[in-house]
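Per-entry structural report
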Amino acid sequence: MSLFVQKFGGTSVASISHIENVVRKVISARDEGHDVVVVVSAMGDETDRLVALANEVDHQHISGRREMDVLLSTGEQITISLLAMMLLKHGVKAQSYTGRQAGILTDDGHTKARILDIDTAHLKARIEEGVVPVVAGFQGTDDDGNITTLGRGGSDTTAVALAAVLDADECRIYTDVKGVFTTDPRVVEGARCLKEVTFEEMLELASLGSRVLHTRAVELASKYEVPLRVLSSFEDAPGTLITREDESMEQPIISGIAFTRDEAKLTVLGVKDVPGIASAILGPISKANIEVDMIVQNVAADQSTDFTFTVRREDYDQALEILEKVAKNIDAREVAGDNKIAKLSMVGVGMRSHAGVASRMFEVLANESINILMISTSEIKISVVVAEKYLELAARALHSAFDLSEEVS
Ligand code: ADP
Ligand code: ASP
Ligand code: MG
């Protein structure tokens, strides 16, 4: 018999009537002859509400990351119980499982833990008995029995990890849009739903800001060859299949545009151009556990240079404070910063064999009078940093200039 993992995100379980819709999806998969494991998120904006409560107590959550996980995990626990109750009411043998009860072991990286192992013995036995396990997404337990969570959006990762260890025939991520689009359909009206996208492209899109799939979920699906599909909870349509790249696949130059507002940049001005400067600046930043993304160091014109890098916006204040001290120690002129920036990236495997994508991109932005603050490229993506206020304009202009609304024939 085939096994499907069906994951339903926050909007898809936002109310009792939404959960009734989930019940219908589960029953219809079973009627088609599949065994089903369900993974759910917290209802609606529940996780945001919990984060806001914690922020009132301790903004940086420094004193209480362990407690933060205890708090955040409650959201999913509400959904599993309600869904299991409703399935039972409809005559489906269902049983709810917290992350720990489902055997999900993680490291102890509270609020961004990684799954290490899943003990499937219990779940497998229950599935054999015809039970539908309803598993809380986004959570697990560490070696010492502490509750952990996998980072925002982490229920996707729970679903893919379960699909991998249970050797499921497909992992279906049900969400509030029809599938993976050429860009966020809430921002660009003409965005098009992709029938297929490669793991490699999806990984870039996810890590560069398309929150439709959790980055780690894509990584795991690619590594363990889990057939992964994103589709709508509310419409009957095939959605988007995430697949391995194959010769016969059409290879559009650009598959999609991803963006994130979660960015800030810092510059140390008037830095001496001598060995060890990058490490003197970035060492203390990384010691404070602040992740650095893009880095640009100008070529020195007069023995002194400027050093610029980006961090997540939530880390901006702390990074600025650290840099003020570093600047004094290395005798730099001053520190400048900007936390109203955004990063926009174009992704596509076809870029490998096409030159000129970057120059066309810069031309389109120039025509809209959008100033590019930073640039970074890799084999299959080009990212630019722009002022946040231009982000939507840039996304629309590029989407249209690269004809992303059109089906590639
Ligand atoms: P869920 O709660 O189901 O996990 P998310 O909010 O995490 O849903 O992800 C779905 C959202 O991702 C969509 O509502 C859409 O606004 C956003 N999104 C961003 N980029 C894309 C994209 N390229 N394709 C589809 N959705 C995208
Ligand atoms: N509830 C968590 C969040 O909102 C996990 C998830 O939905 O995937 O981030
Ligand atoms: Mg999500």
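Residues numbered from 1 in each chain as written. Chains lettered and ligands numbered in written order. Predicted model: local features only at pLDDT ≥ 70, side-chain atom pairs only at ≥ 80, totals over all residues. Heavy atoms only, no water.

Describing the sheet that holds strand β6 (residues 132-136)
With respect to topology, 8 strands assemble into an open sheet ordered β3-β6-β2-β1-β9-β11-β12-β10, the strand pairing being mixed. Where the open sheet ends on each side, the last strands, each with one partner, are β3 (94-97) and β10 (196-198). Between one strand and the next, the sheet's axes are offset by a mean angle of 20°, whatever the strand orientation. Bridge count between strand β1 (residues 3-8) and strand β9 (residues 170-175): 5 bridges; the pairing is parallel. Directly across from Phe4, in β9, lies its bridge partner Glu170. Helix α1 (residues 16-31) rests against β1, β2 (35-40), β6, β9 and β11 (228-232) of the sheet, and its axis sits at about 170° to β1. (Pairing = 2+ DSSP bridges. Helix = DSSP H or I, 4+ residues; strand = E, 2+ residues; numbered from the N terminus. Axes fitted to C-alpha atoms, helices over the stretch in contact; angles between N-to-C directions. Contact = heavy atoms within 4.5 Å.)

Thoughts on the side chain of Thr158
Position of Thr158 among the secondary structure elements: in helix α5 (residues 155-165). On the basis of relative accessibility, which here comes to 0%, the residue Thr158 falls in the buried class. Excluding residues within four positions of it along the chain, Thr158 makes contact with Val39, Ile104, Ile115, Val135, Ala136, Gly137, Phe138, Gln139 and Leu150. (Buried < 20%, exposed > 50% of the residue type's maximum accessible area, 1.4 Å probe, protein only.)

Re unusual backbone geometry
A positive phi angle is found at Asn289, which is not glycine, with a value near 65°. Relative to the helices and strands, Asn289 is located in the loop between α8 (277-287) and β14 (292-297). Note on Asn289: relative accessible area 69%, which makes it exposed. The backbone of Ser369 shows a phi angle near 55°, a positive value even though the residue is not glycine. Relative to the helices and strands, Ser369 resides in the loop between α10 (357-367) and β17 (374-378). With a relative accessible area of 59%, Ser369 lands in the exposed category.

Observations regarding the site of ligand 2
Residues in contact with ligand 2, as listed here, are Ser41, Ala42, Thr47, Glu76, Phe138, Arg152, Gly153, Gly154 and Ser155. Interatomic distance of 2.7 Å between a side-chain N/O atom of Glu76 and a nitrogen atom of ligand 2. Ser155 places a main-chain nitrogen or oxygen 3.0 Å from an oxygen atom of ligand 2. In isolation ligand 2 has 270 Å² of accessible area, and contact with the protein removes 87% of it. Taken together, the residues of the shell around ligand 2 sort by class into 2 nonpolar, 5 polar and 2 charged. (Near = heavy atom within 4 Å. Polar contact = N/O pair within 3.5 Å; in protein donor to acceptor, adjacent residues only side chain to side chain. Areas by Shrake-Rupley, 256 points an atom, 1.4 Å probe, with all protein chains shown as cover. Nonpolar A, V, L, I, M, F, W, Y, C, P; charged D, E, K, R; others polar.)

Considering the packing of α1 against helix α3 (residues 65-89)
Relative to each other, α1 and α3 sit at 60°, their axes nearing to 10 Å. For the element pair α1 / α3, the angle class is oblique. Of the two possible hands of crossing, α1 and α3 adopt the one that is right-handed. Contact residues: Ile16, Ile19, Glu20, Val22, Val23 and Val26 in α1; Thr79, Leu82, Leu83, Met86 and Leu87 in α3. For the contact of α1 with α3, the residue count by class is 9 nonpolar, 1 polar and 1 charged. (Parallel < 35°, antiparallel > 145°, perpendicular 65-115°, else oblique. Left-handed = near helix turned anticlockwise from the far one by under 90°.)

Some remarks on the packing of aromatic side chains
With the rule as written, the count across this model stands at 2 aromatic pairs. Between Phe8 and Tyr174, the aromatic rings sit 4.6 Å apart at their centres with planes inclined by 10°, giving stacked as the arrangement. In this pair, Phe8 sits in strand β1 while Tyr174 sits in strand β9, placing the two residues 166 residues apart along the sequence. (Phe/Tyr/Trp six-rings, centres within 6.5 Å; stacked < 30°, edge-to-face > 60°.)

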